[in-house]
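Chain and residue survey
Here is what each chain is made of, one letter per residue.
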Amino acid sequence: MSTMKFCRECNNILYPREDREQKVLLYACRNCDHQEVADNNCVYRNEVHHSADERTQVLQDVASDPTLPRTKAVRCARCKHGEAVFFQATARGEEGMTLFFVCCNPNCGYRWRD
């Protein structure tokens, strides 16, 4: 991954720029005419690391999402609440789509699949 680069002439920041004729990535100064060929084609990289707690919280938060469909045709096996949010997603290690349900009881948040 590249780090911030600075101009050797005036110490201002160098910005990525494409040389379309030579088809190379350059770092160029906007203050003077200095430019240099990039040693790596990666200009920016954003790595997102999730913990298990974050993933669990996302699934519990779907119950309060007003854009997801709700049903009263199922009952939660844990608290017997009569309303659930449902959505389709791919299950880990399985092919095709799976129907997931999340209990709308704010004290429960139990999730199951059909």
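Calculation rules
- Residues numbered from 1 in each chain as written.
- Predicted model: local features only at pLDDT ≥ 70, side-chain atom pairs only at ≥ 80, totals over all residues.
- Heavy atoms only, no water.
- Phe/Tyr/Trp six-rings, centres within 6.5 Å; stacked < 30°, edge-to-face > 60°.
- Helix = DSSP H or I, 4+ residues; strand = E, 2+ residues; numbered from the N terminus.
- Buried < 20%, exposed > 50% of the residue type's maximum accessible area, 1.4 Å probe, protein only.
- Polar contact = N/O pair within 3.5 Å; in protein donor to acceptor, adjacent residues only side chain to side chain.
- Pairing = 2+ DSSP bridges.
- Axes fitted to C-alpha atoms, helices over the stretch in contact; angles between N-to-C directions.

**Details of the packing of aromatic side chains**
Taken as a whole, this structure holds 4 aromatic pairs when the rule is applied. Each ring, one from Phe-86 and one from Phe-101, has its centre 6.1 Å from the other, and the planes form 45 degrees; the classification is tilted. Of this pair, Phe-86 sits in strand 5 (residues 84-90) while Phe-101 sits in strand 6 (residues 97-103), and the two are 15 residues apart along the sequence. Summarising the aromatic geometry, the rings of Phe-101 and Trp-112 are spaced 5.5 Å apart at their centres and angled 15 degrees between planes, so their arrangement reads as stacked. A residue pair is termed long-range when its members are at least 10 positions apart, and Phe-101 in strand 6 and Trp-112 in strand 7 (residues 111-113) qualify at 11 residues. On the basis of relative accessible area, Trp-112 is assigned to the buried category, the value being 18%. An aromatic cluster is defined as three or more aromatic residues linked by ring pairs; in this entry it consists of Phe-86, Phe-101, Tyr-110 and Trp-112.

**What about the environment of Asp-65?**
Position of Asp-65 among the secondary structure elements: in the loop between helix 1 (52-61) and strand 4 (70-71). Remark: the alpha-carbon pair of Asp-65 and Cys-104, spanning 39 residues in sequence, is separated by 10.0 Å. Among the polar contacts listed, one links the side chain of Asp-65 to the side chain of Thr-67, at a separation of 2.6 Å.

**Digging into the sheet that holds strand 2 (residues 24-29)**
Within the open sheet, the 3 strands sit side by side as 1-2-3. Their pairing is antiparallel. If you trace the sheet from one side to the other, it starts and ends with strand 1 (14-19) and strand 3 (35-37), each paired once. When strand polarity is set aside, the average angle formed by the axes of neighbouring strands in this sheet is 30 degrees. With 3 bridges connecting them, strand 2 and strand 3 associate as antiparallel partners. Bridge pairing in strand 3 places Ala-28 opposite Gln-35.

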